[in-house]
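Chain by chain, the residues:
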Amino acid sequence: MRTRARAAGIAAVVLTSIVAGCSSGAPAATPPPTPTAPPAATPTPTGAATASPTPTAPLSGDANLDAPQEVPAGAKFSVTWTGPNGDRDYVTIVSAGAEKWTNEPYFYTSDGPSGDLVAPTTDGAYALWYVRGVDNVILARRAIRVRPFEGSLSAPDTATAASIVEVAWTGPNGPGDYVTIVKAGAERWTNEWYFYTTAGSPGKINLGLESGAFEVWYVTGADSRTMVRRPITITPVEVTLTAPAAVNRNAQFQVAWTGPNGPQDYITIVAAGSAPGAYTSYEYTTRGSPITLTAPSSPGNYEVRYQSDRVTGVFKSIPIVVR
């Protein structure tokens, strides 16, 4: 929340925390996630993706894998294993017929007798492997099928710019999965408002000031693929401000307004040309209309503005002279 003790010109932009983080990424954006952007690719286990070194003495012990016969695309699932648990041994999921590991999801056996993997977002036949870390020998294999992706999005067909949109979703709720709103025609998420699916359904997204054709996306955190889309039209926000054309310095004056009256929306007076988010005397719109402001002590050209802590930009401004 804004405090009167803060220096003029500092803006507080509050992301609606509908994220486990994008709230508005990654997505994590931070949507993404890593919301400020979606999560990064899975790190490479040491030695797993490189050519096999000269074999050393084999480790003793058989290996075995236990897991569901099929899993939903993009979903997290558990795999139980037995085996030698040697240095850097790991369990992974790869395409059926693959000959080597190429950065697919994995967990080290040193993490415990079971671990979690994330199913690919492309359905089809896959295989689970227990891989010996010292020489990349595959000690155990188990077939597994990934079912087609299942997910949906429900949101209004239209919404007003700078409002808060509620989006219901269904999907695998995999690690880092998020819901976001982007301009129609966009090919990837670029730090727009979002919430992680771990926040539950429905989630809420803050809209910016831009209007036009947009899309709601369900994006998987594991590979940043957009799996579900639905159109939404953002209409311009309507804001009015009425204030005296001129006031005396340090004088109190009233401002009548109309607007979205969203959380943390406020009206302030700033020097003409100040950066968005700047403020001096202000009042939150939740106080009603009109609100009362105090003119600065220095005469000059100023602006009365409608702004918000939750949305970047100036909703509306009108000139005012301080005498």
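J.: Outline the pairing of strand β22 (residues 291-294), supporting the account with residue identities and numerical values.
T.: What you see with β22 is a clean split: I291 and L293 sit on the buried side and T292 and T294 on the side with no burial. Where strand β19 (residues 252-258) meets β22, four bridges bridge the pair, whose relative direction is antiparallel. Residue pairing for β22: F253 is matched across the bridge by L293.

J.: Describe the pattern of salt bridges, with residues and values.
T.: Under the criterion given, the structure shown has nine salt bridges. Between E283 and R287 there is a salt bridge, with the nearest N and O atoms lying 3.2 Å from each other. Of the residues examined, R287 reaches a relative accessible area of 60% and is grouped as exposed. Across the pair E303 and R305 runs a salt bridge, and its minimum N-O distance is 3.0 Å. Judged by relative accessible area, E303 falls into the buried class, the value being 15%. Residue R305 is classed as buried on the basis of its relative accessible area, which comes to 4%.

J.: Quick one: what's the story with the pairing of strand β7 (residues 124-131), residue by residue and with numbers?
T.: Summarising burial for β7: seven of the eight residues are buried, a large majority. The turn linking β7 back onto strand β8 (residues 138-147) is made up of six residues, and N136 within it adopts a positive phi angle of 65 degrees.

J.: Tell me about the sheet that holds strand β6 (residues 114-118), and name the residues and values.
T.: Strand order in this open sheet of three strands is β1-β3-β6, and the pairing throughout is antiparallel. Edge strands, defined here as strands with exactly one partner in the open sheet, are β1 (64-66) and β6. Direction aside, neighbouring strands of the sheet carry axes that sit 35 degrees apart on average. Here five bridges tie strand β3 (residues 76-82) to β6, and the two strands are oriented antiparallel to one another.

J.: Can you tell me about the environment of E192, naming the residues and giving the values?
T.: In this structure, E192 sits in the loop between β12 (178-183) and β13 (194-196). Sequence spacing of E192 and V182 is 10 residues, and the spatial spacing of their C-alpha atoms is 6.5 Å. In terms of polar contacts, E192 uses its side chain to reach the side chain of T190, at 2.6 Å.

J.: Kindly report on the packing of aromatic side chains, identifying the contributing residues and their values.
T.: A complete count under the given rule lists 18 aromatic pairs for this structure. For the pair Y90 and W101, a centre-to-centre distance of 5.8 Å together with 70 degrees between the ring planes defines the contact as edge-to-face. Of this pair, Y90 sits in strand β4 (residues 90-95) while W101 is found in the loop between β4 and β5 (106-108), placing the two residues 11 residues apart along the sequence. We note that Y90, like W101, is buried. Relative to Y194, the ring of W189 lies with its centre 5.5 Å away and its plane at 85 degrees, an arrangement referred to as edge-to-face. Assigned by exposure class, W189 and Y194 land together as buried. A connected cluster of aromatic rings, assembled from ring pairs, spans Y90, W101, Y106 and Y108.

J.: Can you explain the sheet that holds strand β11 (residues 164-170)? Please cite residues and give values.
T.: With antiparallel pairing, three strands are arranged side by side in an open sheet as β9-β11-β14. With partners counted over all chains shown, the strands left at the sheet margins are β9 (152-154) and β14 (203-206), one partner each. On average, each strand axis in the sheet is tilted by 35 degrees relative to the strand beside it, whichever way the strands run. Alignment of β9 against β11, held across three bridges, turns out to be antiparallel. For S152, the partnering residue across the bridge sits in β11 and is T170.

J.: Now, about the side chain of S281: what can you tell me, with residues and values included?
T.: Within the fold, S281 resides in the loop between β20 (265-271) and β21 (282-284). Polar contacts involving the side chain of S281 include one to the main-chain amide nitrogen of T294, which spans 2.9 Å. For S281, the contacting residues outside a window of four places in its chain are I267, T268, I269, L293 and T294.

J.: Summarise the side chain of T197; cite the residues concerned and give the values.
T.: Along the chain, T197 turns up in the loop between β13 and β14. On the basis of relative accessibility, which here comes to 1%, the residue T197 falls in the buried class. A polar side-chain atom of T197 sits 2.5 Å from a polar atom in the side chain of N173. Once residues lying within four places of it in the same chain are set aside, the contact partners of T197 are W169, N173, G174, D177, Y178, V179 and Y218.

J.: Lay out the confidence of the model for the protein chain in plain terms, naming residues and giving numbers.
T.: Caution is warranted with low-pLDDT regions, since their predicted coordinates should not be read in detail. In the predicted model, the protein chain carries a mean pLDDT of 84, and the fraction of residues at 70 or more is 81%. Note on residues 3-60: pLDDT is under 50 here. Beyond four places in sequence and across chains, it has 175 contacts.

Procedures and definitions
Residues numbered from 1 in each chain as written. Predicted model: local features only at pLDDT ≥ 70, side-chain atom pairs only at ≥ 80, totals over all residues. Heavy atoms only, no water. Buried < 20%, exposed > 50% of the residue type's maximum accessible area, 1.4 Å probe, protein only. Helix = DSSP H or I, 4+ residues; strand = E, 2+ residues; numbered from the N terminus. Pairing = 2+ DSSP bridges. Salt bridge = Lys/Arg side-chain N within 4 Å of Asp/Glu carboxyl O. Axes fitted to C-alpha atoms, helices over the stretch in contact; angles between N-to-C directions. Polar contact = N/O pair within 3.5 Å; in protein donor to acceptor, adjacent residues only side chain to side chain. Phe/Tyr/Trp six-rings, centres within 6.5 Å; stacked < 30°, edge-to-face > 60°. Contact = heavy atoms within 4.5 Å. pLDDT = per-residue confidence, 0-100.

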